[in-house]
Amino acid sequence: MINFEKYCTVAFSMITNRLLRLFFLFYLISISINANQLRYTNPVISGSYPDPSICRVEDDYYIVNSSFEYFPGLPIHHSKDLVNWKLIGYGLHRESQCNGKMNLVDVQSDGGIHAPSIRYHNGKFYIITTNVYSPGPGEPAKMINFIITSDNIEGPWSDPHIIKDAPGIDPDIIFDDDGTVWYVGTHSPSEPNFNGEGEIWLQQLNLKTWSLTGERYFLWRGALFYGTWAEGPHIYKKNGYYYLVIAEGGTGLNHAVMVAVSNNIRGPYVPNDRNPILTSRHLTNDYWVNSVGHGDLVQTQNGSWYMVALGIRSEFEIYSNMGRETHLIPVEWEKENFPWKYNKIDKNWSLLPNKERFEKLRLVNYEWPVCSPLTGRVEKQYDLPFKGRPQRAKYKFKDSFNNSKLKLDWNFRRVPLKGTYTIDSENSYLRLYSSSNIIENRKRCSLMGIRQKESDFTFLAKMKFVPNIDGIDAGISLYQKDDNYITFTVEYLKGDYYLKLILKEKGLSPVIVQRTPIKSYNGSIKFKLISEENSYYIYYAIGNKKTYTLFKKISNEHLVSKGYTGAYLGIYCTSNGKKASEFADFEIIEYY
């Protein structure tokens with residue numbers, strides 16, 4: 001006979017134990033979720049957004065990045081919390097800004113817009129940068145340094161104010177407390193001690209005439225002898241001292257951030273004995289990020305400090321498809337714990353000979369920025385700058401072309417030819433017209449795309465394409481540079497349609513990887529590109545078919561970034577050298 005009381009006790013105990021286990025499981029999940037909501041993940045702006053510069057206006061933050069040969073140029077992101085960034089516009093958004101002496105029309109690969117700085121002063125935004133333009137083979141590159149301004153961060157921005165007699169690259173603009181405006185730049189010194197030595201120089205800037213005036217001061221050649229490429233200068237004033245922060249070592253594995261200080265903006269500048277203050281040069285190539293450098297500092301409205309800097313994710317050894325991306329690093333200011341050092345600069349030192357004076361200045365107990373204070377390296381995750389403002393989900397993109405204007409995510413390689421595309425927002429499609437040009441250095445072809453943001457992704461495109469003459473190609477492209485790309489297109493030839501996959505690798509001629517006739521083609525096709533497990537899986541579906549067919553698998557190591565920019569995914573239409581008025585209609589583009 002069953003002991004009912006004992007049975008109920010055992011059953012109750014079992015249910016209680018299960019409930020307790022479930023409660024504990026939910027508790028652990030809750031802790032994990034809450035922990036993730038208290039931290040952010042680098043990079044904070046993923047994809048090809050190198051050389052970040054940052055400024056704050058009250059509780060709004062703005063970042064501008066290098067854009068090189070791409071148009072629109074100088075992408076601008078906005079954030080309220082330093083970890084969630086929204087693309088809001090471009091500094092170079094009109095052809096008229098880019099078709100004169102400041103030329104993005106036929107600029108060479110890896111030329112164009114280098115290392116901008118963004119600043120805000122008396123109600124106006126300033127972006128100062130360099131356009132590196134090579135006139136042709138064997139001719140020296142021209143460094144066109146210029147400033148654009150706007151009362152509204154989203155634009156419109158002014159035409160470029162070109163600064164004459166300003167050599168070198170990577171300028172910044174400084175508004176001093178006494179009203180003086182300074183231009184700080186980088187150049188190669190007239191008498192270098194070694195190849196690759198850079199020098200930071202300073203000169204007053206007249207904003208009415210956009211010209212340099214007065215004496216030119218030479219501030220610093222970098223922290224290390226044979227350090228090479230002192231560049232990317234920024235000057236900040238804190239507690240009466242001027243801090244000069246530069247990049248050094250070149251934008252590769254030896255990249256680093258260095259700092260020096262002076263009580264006079266004209267110098268002399270005393271280097272921090274603990275330079276570099278941020279780098280990855282001392283870490284194994286297996287560390288998750290490399291080539292860290294080119295930093296810019298910002299102070300929050302709460303008084304804390306952060307640095308934005310570029311870095312490359314080590315996805316394929318030391319490379320990735322995305323290239324150089326924007327990372328956020330916490331910063332604290334500390335004095336050295338040396339009681340024997342001077343507490344301040346003695347005014348009488350100015351009477352001493354230069355060498356003796358400099359030795360005195362070296363023994364002052366300055367306050368220095370300490371990047372990533374607990375580890376000294378760029379971490380994948382940090383505590384949120386502002387509690388209660390978690391980092392949102394990863395980037396997704398969808399364009400159904402139901403707006404008459406292109407979404408801001410779209411870029412072209414160089415200023416596009418007139419009539420490259422039209423948008424029919426009523427019928428929701430973009431018409432991409434064929435160009436006789438193919439993807440080639442200094443050429444403007446019918447190619448437009450969005451940045452690849454992660455190594456693993458899915459890219460979709462739906463196209464209608466019914467050409468009237470032979471030799472027309474239209475489809476999708478995944479590209480790094482003019483000499484490194486994949487195109488997956490429908491080709492019309494002698495009345496038949498083919499699917500064609502072309503791979504172009506640096507230093508090699510384009511190769512047709514696979515070319516297959518498609519008898520069932522009815523004028524409509526869907527492309528799908530899935531990147532996972534270090535490979536691109538390239539699919540297609542004819543018409544309205546829901547099932548995709550695998551066309552080819554190809555390693556994504558073919559398109560790692562080894563230049564200044566990263567990978568893009570886009571749409572492409574070419575007549576392959578012929579003059580033709582053909583086109584392809586794209587109804588939807590999606591990336592996730």
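Check the entry above for the structure.
Being a predicted model, the structure only gives us computed values, none of them experimental. (Residues numbered from 1 in each chain as written. Predicted model: local features only at pLDDT ≥ 70, side-chain atom pairs only at ≥ 80, totals over all residues. Heavy atoms only, no water.)

1. Section: a negative patch on the surface
For step 1, the next point in the chain: Taken together, Glu 315, Asp 456, Glu 532 and Glu 533 make up a surface patch of like negative charges.
For step 2, the next point in the chain: In this structure, Glu 315 sits in the loop between strand E21 (305-313) and strand E22 (324-335).
For step 3, the next point in the chain: Assessed through its relative accessible area of 33%, Glu 315 is described here as partly exposed. (Patch = residues over 30% accessible without salt bridge, like charges linked within 9 Å, V, L, I, M, F, W, Y side chains within 5 Å. Areas by Shrake-Rupley, 256 points an atom, 1.4 Å probe, with all protein chains shown as cover. Salt bridge = Lys/Arg side-chain N within 4 Å of Asp/Glu carboxyl O. Lys, Arg positive; Asp, Glu negative; His and termini not counted. Charge placed at Lys NZ, Arg CZ, Asp CG, Glu CD. Helix = DSSP H or I, 4+ residues; strand = E, 2+ residues; numbered from the N terminus. Buried < 20%, exposed > 50% of the residue type's maximum accessible area, 1.4 Å probe, protein only.)

2. Side note on empty space enclosed by the protein
Gaps left between atoms show up when a probe the size of a water molecule is rolled over them.
For step 1, the next point in the chain: Under the defined criterion, the tally for this structure stands at three cavities of 30 Å³ or more.
For step 2, the next point in the chain: Roughly 50 Å³ of volume is contained in the largest cavity.
For step 3, the next point in the chain: Along the walls of the largest cavity sit Val 270, Pro 271, Asn 272, Asp 273, Glu 336, Lys 341, Arg 362, Val 364, Tyr 366 and Trp 368, which together make up its complete lining.
For step 4, the next point in the chain: For the lining of the largest cavity, a count of residues per class yields five nonpolar, one polar and four charged. (1 Å grid on protein atoms, 1.4 Å probe; cavity = no way out; pocket = protein on both sides within 12 Å on 5 of 7 lines; lining within 4 Å. Points joined across faces, edges and corners; volume = space filled by probe spheres on them. Nonpolar A, V, L, I, M, F, W, Y, C, P; charged D, E, K, R; others polar.)

3. Topic: a nonpolar patch on the surface
For step 1, the next point in the chain: Together, Phe 338, Trp 340, Tyr 342 and Leu 363 give the surface a local cluster of nonpolar side chains, amounting to about 400 Å² of exposed area.
For step 2, the next point in the chain: With respect to the secondary-structure elements, Phe 338 resides in the loop between E22 and helix H2 (354-361).
For step 3, the next point in the chain: On the basis of relative accessible area, Phe 338 is assigned to the partly exposed category, the value being 37%.

4. Focus: the packing of aromatic side chains
For step 1, the next point in the chain: Summed over the entire model, instances satisfying the criterion amount to 32 aromatic pairs.
For step 2, the next point in the chain: Between the aromatic rings of Tyr 241 and Tyr 366, the centroid separation amounts to 5.5 Å while the plane-to-plane angle is 90°, which identifies the pairing as edge-to-face. Linking Tyr 241 in strand E16 (residues 241-248) with Tyr 366 in the loop between H2 and strand E23 (367-371), this pair joins segments that are 125 residues apart in sequence.
For step 3, the next point in the chain: Residue classification places Tyr 241 among the buried residues on the basis of a relative accessible area of 17%.
For step 4, the next point in the chain: Assessed through its relative accessible area of 3%, Tyr 366 is described here as buried.
For step 5, the next point in the chain: Among the aromatic residues, those joined into a cluster by ring pairs are Tyr 241, Tyr 243, Trp 305, Trp 333, Tyr 366 and Trp 368. (Phe/Tyr/Trp six-rings, centres within 6.5 Å; stacked < 30°, edge-to-face > 60°.)

5. Brief notes about the pairing of E22
For step 1, the next point in the chain: With respect to burial, E22 is a largely interior element, nine of its 12 residues being buried.
For step 2, the next point in the chain: Note: E21 against E22, eight bridges, orientation antiparallel. Residue pairing across strands places Tyr 306 opposite Pro 330, the latter belonging to E22.
For step 3, the next point in the chain: Looking at chain direction, E22 and E23 are connected through five bridges and run antiparallel. Bridging across to E23, Val 331 finds its partner in Cys 371. (Pairing = 2+ DSSP bridges.)

6. Some points on the pattern of salt bridges
For step 1, the next point in the chain: On inspection of all chains with the given rule, the structure shows 31 salt bridges.
For step 2, the next point in the chain: Notably, a salt bridge pairs Glu 197 with Arg 221, separated by 3.3 Å at the nearest N-O pair. Of this pair, Glu 197 sits in the loop between strand E12 (181-187) and strand E13 (199-206) while Arg 221 is found in the loop between strand E14 (211-220) and strand E15 (231-238), placing the two residues 24 residues apart along the sequence.
For step 3, the next point in the chain: Judged by its relative accessible area of 5%, Glu 197 falls in the buried class.

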